[in-house]
Amino acid sequence: MSDKRNGSSTDVETPAQPARLTASSPAPERVTSEAPPAAPGAMEYDYTNFYFGAGEDAFALLAPFDDWWREVKPAGYYLYELPLHSAPSTTVDVEDTKTHEVRSGLVNFASYNYLGLSYRPEVKEAIKSAVDQYGGGASGSPILSGTTEIHRRLSEEIADFKQKEAALIFPTGYSANVGTIAGLMRSGDLVVADQYAHASIVDGMILSKATSRFFRHNKVEDLDRKLSGFEGKKLVIIEGVYSMDGDTPPLADIVEVCRKHGARLMIDEAHSAFVYGANGRGIVEDQGMEDEVDIHLGTFSKSLGGQGGYIAGTHQLVNYLRGFSRSRFFSCALSPAVVAGLRAALKLARNEPELRTRLWDNVSTMQGLLADGGVPIGDSTSQVIPIMVRDDARIFQIGEEIFREGVFINPVKYPAVGKHKSRVRMSISAAHTKEELEKGADAIIRVLRRYGICQ
Ligand SMILES: Cc1ncc(COP(=O)(O)O)c(C=O)c1O
C-alpha cells in the first residue's frame, strides 16, 4: 500500500454538484477515479486487519487504516454509503461517488422497505402534522421528559398488534437488543445465540457480561449441547428471518430444547415482523408459536419504513426493562414525527393484508426468475435473498458492474459474513412491479454470467 497519508482524495469524493444520469444513460466506457488503482494485495485486507495493532498511542491504527481505505475505496468499497437523492422506493436516484454523477431510476433491491410504507402519503401526512404539533425532537429521555402522548399510544398499539400485555419502544432496533439483553442478563448467567445473530445481539451479550455461547446456525442439536450442564439463568436468542441469509429458524424444535433446559427464549423479528403470518405478527404467528416465545423483539426500520425498535411481552417483563434497559433509559426518545409516521405505517400494515400477499407474490416471482437463470440463493425462503457469489476477491467488481447495469443492490463480504461467503443481498418489496423485478433479475444474471457464477 502506498504512503500518501495527506493525499487530497477527499476533495474528489465530495463533488459540489453531481451531474444527473438516468439508468438508461450509457455506462461510462471505463470508470475513472482520480485515485490510483489499489496496490496488489490491498483488497485482500479487510476491517479485521485494523482491529489490533502495536504501539502505545490509542490513535496508532488510524493512519494505516486511512492509507488502506484511500486505496480500496475507489477499488470497490466506495459502494458503501452511496448517498440516495430520493426516497427508498422501488427505483432510486443514487449518487455515484466514483464518477460524481447521480444515476436516476436504478431498480432498488437494497432497502428494507418491504411493504413500501416509508413514502406512503398517509405516513408523510402524519409526520408533517406531528412536526406542526410537537416540533423536531423529543428533547428528553423517555423516562424523564421525552415521552409524548403519541409515544404512549404507539407502545399500546404495538402490544395490541402483537397480542401481548405490554410493549416498550426503543430509539433503534440496535438499542432494543442491547438494552434488553444487557438489561436482563448478568455475569454468571448464560446467553446462547444462533451463530448468525445480528451484531446488536452480540453486543448486548458482551455488554451483559454473561457467559456467551453460539450454536451452529439453525442446528437444534448444537443448541441442546450448548445449554447442557449449565446451572443458572439461561437465555436463548434467535432471529425470525436471518438478515444475511433470508432463512428462518425451526421454532418448534428450538422451543422444545429451551423447555428441556429451563431457558427463556427471545426472538428478534427485525426482518419478519409485519410481513410473516396471516396478520403480520411475524414468524411466531406463521409457525403457530406466539405463546411459546418469552421476548418478542422487532424494529421499525424495516417493514414499517421508519426508525426505532420494540419488545413485546408480559407487563412484568416490560416494567422491569423500563427500569433496567440502559440503552433506552439514557438515550433520547424517538422524535414524535417518527412516532407519528410509525403509527400511520402500523395502521396500513394491519389494514392492508394485500400488501403481504403482494410481497409474497413478488418473492415467488423473483425466486422463479433467479432459479431460471441458475442463480444460487443459499437457503433463502424469504424476501431477503442472498445471491451467493462466494468470491471475496471479485465481489466488489461484480457489485460495481450490477450497479452500472442499473440495479442498486449491496455487495457484502467478510467480516459481515463468513470468509468465502461473499454475496449481493437482495431485498424484495411489495411495491416492486413485475417489470422492475424482471429488469433487475435480467441485469444481475447478465453480470453473473460474465463471471461464470451462473450459466
Ligand atoms: C436482525 C436485526 N436485528 C436488529 C437490527 C438493528 O435494527 P435497527 O437498524 O432498527 O437499529 C437489524 C438491522 O439490520 C437486524 O437485521
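Rules used in this analysis
- Residues numbered from 1 in each chain as written.
- Predicted model: local features only at pLDDT ≥ 70, side-chain atom pairs only at ≥ 80, totals over all residues.
- Heavy atoms only, no water.
- Helix = DSSP H or I, 4+ residues; strand = E, 2+ residues; numbered from the N terminus.
- Rg over C-alpha atoms; globule rule 2.2 N^0.38 Å.
- Contact = heavy atoms within 4.5 Å.
- Areas by Shrake-Rupley, 256 points an atom, 1.4 Å probe, with all protein chains shown as cover.
- Lys, Arg positive; Asp, Glu negative; His and termini not counted.
- Charge placed at Lys NZ, Arg CZ, Asp CG, Glu CD.
- Phe/Tyr/Trp six-rings, centres within 6.5 Å; stacked < 30°, edge-to-face > 60°.
- Buried < 20%, exposed > 50% of the residue type's maximum accessible area, 1.4 Å probe, protein only.
- Lys NZ or Arg CZ within 6 Å of the ring centre and 35° of its normal.
- Axes fitted to C-alpha atoms, helices over the stretch in contact; angles between N-to-C directions.
- Parallel < 35°, antiparallel > 145°, perpendicular 65-115°, else oblique.
- Nonpolar A, V, L, I, M, F, W, Y, C, P; charged D, E, K, R; others polar.
- Pairing = 2+ DSSP bridges.
- Core = buried A, V, L, I, M, F, W, Y, C linked by side-chain atoms within 4.5 Å.
- Domains from an automatic or database assignment.
- Arc of directions from axis to C-beta.
- Near = heavy atom within 4 Å.
- Polar contact = N/O pair within 3.5 Å; in protein donor to acceptor, adjacent residues only side chain to side chain.
- Buried area = accessible area lost by both parts, 1.4 Å probe.
- Salt bridge = Lys/Arg side-chain N within 4 Å of Asp/Glu carboxyl O.

S.K.: Could you clarify how one ought to interpret the overall build of the protein chain in this entry?
M.R.: The number of helices and strands found in the protein chain is 15 helices and 14 strands. Taken over C-alpha atoms, the radius of gyration comes to 23 Å for the protein chain, in line with the 23 Å a tight globule of 455 residues would show. Once the C-alpha set of the protein chain is aligned to its principal axes, its extents read approximately 60 × 55 × 50 Å. The long-range fraction of contacts in the protein chain, counting pairs at least 24 apart against all pairs at least 6 apart in sequence, stands at 70%. On the protein chain, roughly 20,200 Å² of surface is accessible, and the fraction owed to carbon and sulfur atoms is 50%. For the protein chain, the centre of its 50 positive side-chain charges and the centre of its 59 negative side-chain charges are spaced 3 Å apart.

S.K.: Looking at this structure, how should I read the packing of aromatic side chains?
M.R.: Considering all chains together, one arrives at 23 aromatic pairs under this definition. Measuring from centroid to centroid gives 4.3 Å for Tyr 320 and Phe 324, while their planes differ by 15°, and the two rings are stacked. Of this pair, Tyr 320 and Phe 324 both sit in helix H10 (residues 315-324), 4 residues apart, which is roughly one turn of the helix. Judged by relative accessible area, which is 33%, Tyr 320 ranks as partly exposed. You can call Phe 324 partly exposed: its relative accessible area is 43%. Among the aromatic residues, those joined into a ring-pair cluster are Tyr 45, Tyr 47, Phe 50, Phe 65, Trp 68, Trp 69, Tyr 77, Tyr 80 and Phe 396. Positioned above the aromatic ring of Tyr 414, the side-chain terminus of Lys 419 is 4.7 Å from the ring centre.

S.K.: What am I meant to see in the packing of helix H5 (residues 173-184) against H10 here?
M.R.: Axes are the key here: two packed helices are described by the angle between their axes and the distance separating the axes. Running from N to C, H5 and H10 cross one another at 100°; their axes reach a closest spacing of 9 Å. One way to sum up the angle between H5 and H10 is to call them roughly perpendicular. Together, Gly 179, Thr 180, Gly 183 and Leu 184 of H5 and Leu 317, Tyr 320, Leu 321 and Phe 324 of H10 make up the contact between the two elements. In terms of residue class, the contact of H5 with H10 is built from 5 nonpolar, 3 polar and no charged.

S.K.: Explain the sheet that holds strand S7 (residues 234-239) to me, please; I cannot follow it from the model alone.
M.R.: The 7 strands lie next to each other as S4-S10-S9-S8-S7-S5-S6, forming an open sheet whose pairing is mixed. Edge positions in the sheet fall to strand S4 (166-170) and strand S6 (211-215), since each has one partner strand and no second. Ignoring which end each strand starts from, the neighbouring axes of this sheet average 20° apart. Running over the sheet, helix H6 (residues 199-208) touches strand S5 (190-194), S6, S7 and strand S8 (264-268) and is turned about 150° from S6.

S.K.: Where do I start with the nonpolar core in this structure?
M.R.: By size, the foremost hydrophobic cluster in this structure holds 102 residues, and its most contacted members are Phe 109 and Met 426. With 8 residues, the top contributor of residues to this core is helix H12 (residues 336-351). Residue-level mapping places this core at the junction of two domains, with at least three residues from each of domain 1 (18-23 + 31-41 + 66-111 + 355-450) and domain 2 (121-351). Counting 21 residues, the second largest nonpolar core, distinct from the first, contains Leu 168, Ala 197, Met 266 and Ile 311.

S.K.: Even after reading the chapter, I still don't get H10, so can you show me in this structure?
M.R.: An α-helical turn contains 3.6 residues, so any two residues separated by three or four positions project in the same direction. Residues Leu 317, Val 318 and Leu 321 constitute the buried set of H10. Across the axial projection of H10, the buried residues extend over an arc of 90°, all falling on one side. Set apart from the buried face of H10 by more than 90 degrees, the exposed residues are Gln 316 and Asn 319. Against S4, H5, strand S9 (295-299) and strand S10 (309-313) lie the buried residues of H10.

S.K.: I would appreciate a short explanation of the site of the ligand in the present structure.
M.R.: The full set close to the ligand counts 15 residues, and Tyr 174, Asp 268, His 271, Ser 301 and Lys 302 are the nearest of them. Contacts to the ligand include Tyr 174, whose backbone N or O atom sits 2.8 Å from an oxygen atom. Protein coverage of the free-state accessible area of the ligand, which is 390 Å², stands at 86%. In terms of residue class, the shell around the ligand is made up of 2 nonpolar, 10 polar and 3 charged.

S.K.: Even after reading the chapter, I still don't get the domain arrangement of the protein chain, so can you show me in this structure?
M.R.: By a widely used convention, the size of an interface equals the accessible area lost when the partners come together. Splitting the protein chain by domain gives domain 1 (18-23 + 31-41 + 66-111 + 355-450) and domain 2 (121-351). Each partner contributes to the interface: domain 1 provides 17 residues, whereas domain 2 provides 19 residues. Approximately 1,300 Å² of surface area, both sides summed, lies buried where domain 1 meets domain 2, with 46% of it carried by carbon and sulfur atoms. One can count 1 salt bridge joining domain 1 with domain 2. Between Asp 245 and Arg 423 there is a salt bridge, with the nearest N and O atoms lying 3.2 Å from each other. Listed by contribution, the elements that provide at least two residues to the side of domain 1 that touches domain 2 are helix H13 (354-372), strand S11 (384-388) and strand S14 (423-427). In terms of residue count, H13 provides more of the side of domain 1 that touches domain 2 than any other element does, 4 residues in total. For the side of domain 1 that touches domain 2, the class distribution of residues is 8 nonpolar, 4 polar and 5 charged.

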